[in-house]
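Overview (structure and organization)
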Amino acid sequence: SMASPALLMRVVASAYSVAEKAATIVRNVMSAGDLGIVEKAGPNDLQTKADRLVQMSICASLARKFPKVTIIGEEELPTDDVTEDLIEDGHCEEILKKSCPAQYTGIKEEELVIWVDPLDGTKEYTEGLLDHVTVLIGIAYGGKAIAGVINQPYYNYEAGANAVLGRTIWGVLGMGAFGFQLTEAPAGKHIIVTTRSHSSALVNECITALNPDHVIRVGGAGNKIIQLIEGKASAYVFASPGCKKWDTCAPEAILHAVGGKITDIHGNSFQYNKEVKHMNSAGVLATLRNYDYYASRIPNTVKESLVP
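Named according to an unreviewed UniProt entry, the protein is 3'(2'),5'-bisphosphate nucleotidase 1 originating from Vidua chalybeata. Within the UniProt record for the protein, the comment given under Sequence similarities (unreviewed entry) is "Belongs to the inositol monophosphatase superfamily."

What follows is the structure, given as structure tokens:
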């Protein structure tokens, strides 16, 4: 008889289905037309009905299946009973069929931390820039991002009525990443992807110092990592403290699974154990290839301004 799948593969397989359910909720809220926007810390820090419902759905669905896993989500929500229509208990069979990397076969539930961004790119979502939006479920073990799921609810939304809307990308360290076509950015071109709605003098000083051929400004950390793995950008640079652990955990696992690298502006790895502070206060530097080229060109003035 087949050995039952390792816990990690069961968690990833469930997270895949949970993320697809999340995408349906995101699309339903948008098509119903009442986004229920609330300002959190200010006009660039928004929360919508979709953020709230999706986080409830993801956290409750995963907690029901994996009760000892720590789940940390972006939104502070009342722990009301979640209605059954928000629960997803399915899983992706395809993922369960893959064998778990040996270093992760012995993991216990209580050793996992799941970082959830229910709707990454909320501001863009409220402005109708729907291709910027992602749902992020990152899975960490020993403080390290080891697996991740990124759903794009509106992938293909401009491709016409018959196009399949949405896609789910997933990856596990030591196994690879799936659901997209891995592509490298054009050789010799320095294309930087950075923030769209959280710019600052420091953010711009850092980018100018890298002397890019082109700068792409888009919302969402998940979206920016997708630009790297699909070859649309060669580096993701954000010299600012705005990014949080739930923004980077899932994208980091997927990027690292295909040989890329993400750190803060100083080159420090992010830590994802449950006690860690939520803010990535020293910014973000990520590449699929040629990390050292960009890291070596970050100005010291920028580094001195960003304290880990």
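A few words on the sheet that holds strand β3 (residues 70-73). The mixed open sheet is built from 6 strands, whose spatial order is β3-β4-β5-β6-β7-β8. Where the open sheet ends on each side, the last strands, each with one partner, are β3 and β8 (176-178). Along the sheet, successive strands turn relative to each other by an average axial angle of 15°, direction set aside. Sheet topology places strand β7 (residues 167-172) next to β8; 3 bridges connect them, and they run antiparallel. The residue bridging Val172 from the neighbouring strand is Gly176, located in β8.

Note: strand β1 (residues 38-42) against strand β2 (residues 45-47), 3 bridges, orientation antiparallel. For Gly42, the partnering residue across the bridge sits in β2 and is Asp45. Hairpin connection of β1 to β2: 2 residues between the antiparallel strands.

Moving on: the domain arrangement of the protein. In terms of domains, the protein is made up of domain 1 (7-178) and domain 2 (191-305). Computed over C-alpha atoms, the centres of domain 1 and domain 2 are 21 Å apart. Between domain 1 and domain 2, the residue contacts involve 40 residues of the former and 30 residues of the latter. Between domain 1 and domain 2, a total of about 2,600 Å² is buried, with carbon and sulfur atoms accounting for 65% of that surface. Area buried by domain 1 at its contact with domain 2 is led by Trp115, His132 and Ala145, which between them contribute 24% of it. A salt bridge links Arg167 to Glu230; its shortest N-O distance comes to 2.8 Å. Joining domain 1 to domain 2, the criterion identifies 9 residue pairs in polar contact (both at pLDDT 80 or more). If you list the elements that add at least two residues to the side of domain 1 that touches domain 2, you get β3, β4 (112-120), α4 (122-126), β5 (134-141), β6 (144-152), β7 and β8. For the side of domain 1 that touches domain 2, the element with the highest residue contribution is β6, accounting for 8 residues. Along the lines of polarity and charge, the residues of the side of domain 1 that touches domain 2 split into 19 nonpolar, 12 polar and 9 charged.

Between its first and last C-alpha, helix α7 (residues 245-257) extends 18 Å over 13 residues, near the 18 Å set by a 1.5 Å rise per residue. The largest bend along α7 measures about 25° and falls at Pro251. What α7 keeps buried is the set Lys245, Trp246, Asp247, Thr248, Cys249, Ala250, Pro251, Glu252, Ala253, Ile254, Leu255 and Ala257. Of the residues flanking the end of α7, it is Gly259, one or two places downstream, whose phi is positive at about 85°.

Look at any regular strand and the pattern is simple: side chains alternate between the two faces of the sheet. Burial analysis of β7 places 6 of its 6 residues in the buried class, which makes it a mostly covered element. Alternating positions in β7 separate into two faces, Arg167, Ile169 and Gly171 on one and Thr168, Trp170 and Val172 on the other, with burial throughout. In this sheet, β7 lies alongside β6 in antiparallel orientation, the contact comprising 6 bridges. The partner of Asn151 across the bridge, within β7, is Thr168. Taken together, β7 and the strand that follows it, β8, pair antiparallel across an intervening segment of 3 residues, in which Gly174 is found at a positive phi of about 85°.

With that settled, consider the side chain of Asp117. Examined against the element boundaries, Asp117 turns out to sit in strand β4. Buried and without a salt bridge, Asp117 has Lys40 as its closest oppositely charged side chain, separated by 7.6 Å. Leaving out residues up to four positions away in the same chain, Asp117 has contacts with Glu74, Thr134, Val135, Leu136, Trp246 and Asp247.

Let's shift gears to the side chain of Gln55. Tracing the chain through its elements places Gln55 in helix α2 (residues 49-65). Among the polar contacts made by the side chain of Gln55, one reaches the main-chain carbonyl oxygen of Glu75 at a distance of 2.7 Å. Apart from the residues lying within four places of it in its own chain, the contact partners of Gln55 are Gly73, Glu74, Glu75, Leu77, Val116 and Pro118.

Moving on, we get to the sheet that holds strand β11 (residues 235-238). Read across the sheet, 5 strands follow the order β10-β9-β11-β13-β12 without closing on themselves; strand pairing throughout is mixed. Of all strands in the sheet, those with a lone pairing partner are β10 (214-217) and β12 (261-263), marking the two edges. Strand after strand, the sheet turns through a mean of 20° between neighbouring axes, direction not considered. Alignment of β11 against strand β13 (residues 284-287), held across 3 bridges, turns out to be antiparallel. In the strand pairing of β13, Val237 is matched with Leu285. Across the face of the sheet, helix α6 (residues 221-229) comes into contact with β9 (191-194), β10, β11, β12 and β13 while running at roughly 150° to β11.

Basis of the calculations
- Residues numbered from 1 in each chain as written.
- Predicted model: local features only at pLDDT ≥ 70, side-chain atom pairs only at ≥ 80, totals over all residues.
- Heavy atoms only, no water.
- UniProt positions renumbered as here; feature names shortened; annotations may be inferred.
- Pairing = 2+ DSSP bridges.
- Helix = DSSP H or I, 4+ residues; strand = E, 2+ residues; numbered from the N terminus.
- Axes fitted to C-alpha atoms, helices over the stretch in contact; angles between N-to-C directions.
- Domains from an automatic or database assignment.
- Contact = heavy atoms within 4.5 Å.
- Buried area = accessible area lost by both parts, 1.4 Å probe.
- Salt bridge = Lys/Arg side-chain N within 4 Å of Asp/Glu carboxyl O.
- Polar contact = N/O pair within 3.5 Å; in protein donor to acceptor, adjacent residues only side chain to side chain.
- Nonpolar A, V, L, I, M, F, W, Y, C, P; charged D, E, K, R; others polar.
- Expected span 1.5 Å × (residues − 1).
- Bend = angle between axes of the 7 residues up to and from the residue.
- Buried < 20%, exposed > 50% of the residue type's maximum accessible area, 1.4 Å probe, protein only.
- Lys, Arg positive; Asp, Glu negative; His and termini not counted.

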